Amino acid sequence: MRILDLDSLEIFRTVVQEGGIIRAAGKLNRVQSNVTTRIKQLEQRLGTTLFRRQGRTIVLSPEGELLLSYTQRLFRLADEAESRLKEGAPMGVLRIGSLESTAGSRLAPILSRYHRQHPGVVVELATGTTGALIQRVTTFQLEAAFVSEPFTAPGLQSRKVFEEELVLITARDVPAVRRASDLAGLTLIAFANGCSYRKRVEEWLGMSAVMPARTLEFASYQAMIACVAAGTGFAIVPRSLLAALKATSDVRQHELPGKIRRNHTHLVWHGTPSSALERLQALLAPA
């Protein structure tokens, strides 16, 4: 006997996306009590608790996280089924992830062209570190993601799409950096753990037994570059991003060793791509 239906799952997904019952009710144009009842009925059918209360907010339980991953997958398949039945024209929502650097320097013209060619598809873009993005693709929260070497993605398909040149940046008054030891005692400015660029520079420093004095974590490249320009420390970024942000004159660039400098961005996805993802792949020239 089928106990789940897309309407119940849509209510569940909206509560997650909106962060609560009240905002979800407004988004769905339903009364709050109806949304609450439907969530309770879904929990009773599944025999588990989907949300837990933390103070005045609600958060997903581990079981809710699992149901959300399946819900995202089911709605993607529903969108794909509709697209296939309408003369193959892709429709629905395409949820993709990207490194912030790739989103800032590479994706704008590609997504603009994609929108012109496939107006029936709504692209939702999420940014994050390589590790976080791969996890979200694995759990079907995202259909595909642009990630950077080095990475491991068991069970996922991948292809190279962009070639990047990484550079070390410091404040303009810092002497030329020719080896890892020149950075001893300085502060590393990077994204949180899970960032492939951070992993690459930490491995390079580690091969020379160099440890940063400390590591400052930021959530955006604009903030990182501004901090470096102010003399706080050093960072590793794609050269194309500096150009896109018009920040090449704000910092000093130092060439990295070849095995650190040369880097590829890959597109990763889970299983057979939907028609919407296939059209995006067609716009990506191989690196």
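In this text the structure is predicted, and so the values were computed from the model without any measurement.

## Notes on the overall build of the chain
At step 1: Looking only at helices and strands, the chain features twelve helices and eleven strands.
At step 2: Over its C-alpha atoms, taken along the principal directions, the chain stretches across nearly 70 × 50 × 30 Å.
At step 3: In the chain, which comprises 287 residues, the share counted as buried stands at 44%.
At step 4: When contacts within the chain are restricted to residue pairs at least 6 apart in sequence, those whose partners lie at least 24 apart make up 74%.
At step 5: For the chain, the exposed area adds up to about 14500 Å²; of that, 52% sits on carbon and sulfur atoms.
At step 6: Positive and negative charge centroids in the chain, built from 36 and 26 side chains respectively, lie 1 Å apart.

## A closer look at the state of the cysteines
In a disulfide, the sulfur atoms of two cysteines are held together by a covalent bond.
At step 1: According to the stated counting rule, one finds zero disulfides in the structure shown.
At step 2: Residue C195 stays outside any disulfide, its sulfur separated by 15 Å from that of C227, the closest cysteine.

## With respect to the nonpolar core
At step 1: Of all hydrophobic cores here, the largest spans 43 residues; its most connected members are I169, W204 and L242.
At step 2: Every element with two or more residues in this core is listed here: α7 (130-138), β5 (144-148), β6 (157-170), β7 (187-190), α8 (196-207), α9 (221-229), β9 (235-238) and α10 (239-244).
At step 3: The greatest single-element share of this core, amounting to five residues, is contributed by α9.
At step 4: Among the nonpolar cores identified, the runner-up in size contains 17 residues, and L94, A144, F146 and F162 belong to it.

## A few points about the packing of helix α2 (residues 21-28) against helix α3 (residues 32-46)
At step 1: Remark: α2 packs on α3, axes separated minimally by 8 Å, with the N-to-C direction vectors making an angle of 110 degrees. With respect to each other, α2 and α3 are oriented roughly perpendicular. Note on element contacts: α3 touches α2 through Q32, V35, T36 and I39, opposite I21, I22 and A25.
At step 2: Grouping the constituent residues of the contact of α2 with α3 by class yields five nonpolar, two polar and no charged.

## Concerning the packing of helix α6 (residues 107-117) against helix α12 (residues 275-283)
At step 1: Interhelical geometry of α6 versus α12 gives an angle of 130 degrees and a closest axis separation of 10 Å. Classed by the angle they form, the pair α6 and α12 counts as oblique. When you trace α6 past α12, the crossing you get is right-handed. Note on element contacts: α12 touches α6 through A276, R279, L280 and L283, opposite I110, L111, R113, Y114 and Q117.

## So, the side chain of H266
At step 1: Within the fold, H266 resides in strand β11 (residues 262-269).
At step 2: Its relative accessible area of 8% is what places H266 among the buried residues.
At step 3: Sequence-distant contacts of H266, that is, excluding residues within four places in its chain, are made with A145, F146, V147, E149, F151, S158, R159, K160 and V161.

## Quick look at the environment of F75
At step 1: Looking at the element boundaries, F75 is found in helix α4 (residues 62-85).
At step 2: Considering only alpha carbons, one finds F75 and L6, 69 residues apart in sequence, at a separation of 7.9 Å.

## As for the environment of R178
At step 1: By the secondary structure assignment, R178 is in the loop between β6 and β7.
At step 2: Look at R178 and you get exposed, because its relative accessible area is 67%.

## Describing the pattern of salt bridges
At step 1: One pass over the structure, following the stated rule, counts 15 salt bridges.
At step 2: D7 is the partner of R30 in a salt bridge, and the nearest nitrogen-oxygen pair spans 3.3 Å. Highlighted residues: R30 in the loop between α2 and α3 and D7 in helix α1 (residues 6-18), separated in sequence by 23 residues.
At step 3: Exposure remark for D7: the relative accessible area of 34% places this residue in the partly exposed category.
At step 4: Between D182 and R179 there is a salt bridge, with the nearest N and O atoms lying 3.7 Å from each other.
At step 5: Taking the relative accessible area as the measure of exposure, D182 reaches 32% and is therefore partly exposed.
At step 6: The network of salt bridges with shared partners includes D5, D7, R30, R38 and R45.

## What about unusual backbone geometry?
At step 1: Cis geometry is found at the peptide bond from E149 to P150, where omega equals -10 degrees.
At step 2: With respect to the secondary-structure elements, P150 resides in the loop between β5 and β6.
At step 3: Positive phi, normally seen in glycine, also occurs at F140, with a value near 65 degrees.
At step 4: Inspection of the secondary structure assignment puts F140 in the loop between α7 and β5.
At step 5: Judged by relative accessible area, which is 14%, F140 ranks as buried.
At step 6: Phi is positive for A209, which is not a glycine, with a value near 55 degrees.
At step 7: Within the element layout of this structure, A209 appears in the loop between α8 and β8 (214-217).

About the thresholds
- Residues numbered from 1 in each chain as written.
- Predicted model: local features only at pLDDT ≥ 70, side-chain atom pairs only at ≥ 80, totals over all residues.
- Heavy atoms only, no water.
- Helix = DSSP H or I, 4+ residues; strand = E, 2+ residues; numbered from the N terminus.
- Buried < 20%, exposed > 50% of the residue type's maximum accessible area, 1.4 Å probe, protein only.
- Contact = heavy atoms within 4.5 Å.
- Areas by Shrake-Rupley, 256 points an atom, 1.4 Å probe, with all protein chains shown as cover.
- Lys, Arg positive; Asp, Glu negative; His and termini not counted.
- Charge placed at Lys NZ, Arg CZ, Asp CG, Glu CD.
- Disulfide = S-S within 2.5 Å.
- Core = buried A, V, L, I, M, F, W, Y, C linked by side-chain atoms within 4.5 Å.
- Axes fitted to C-alpha atoms, helices over the stretch in contact; angles between N-to-C directions.
- Parallel < 35°, antiparallel > 145°, perpendicular 65-115°, else oblique.
- Nonpolar A, V, L, I, M, F, W, Y, C, P; charged D, E, K, R; others polar.
- Left-handed = near helix turned anticlockwise from the far one by under 90°.
- Salt bridge = Lys/Arg side-chain N within 4 Å of Asp/Glu carboxyl O.

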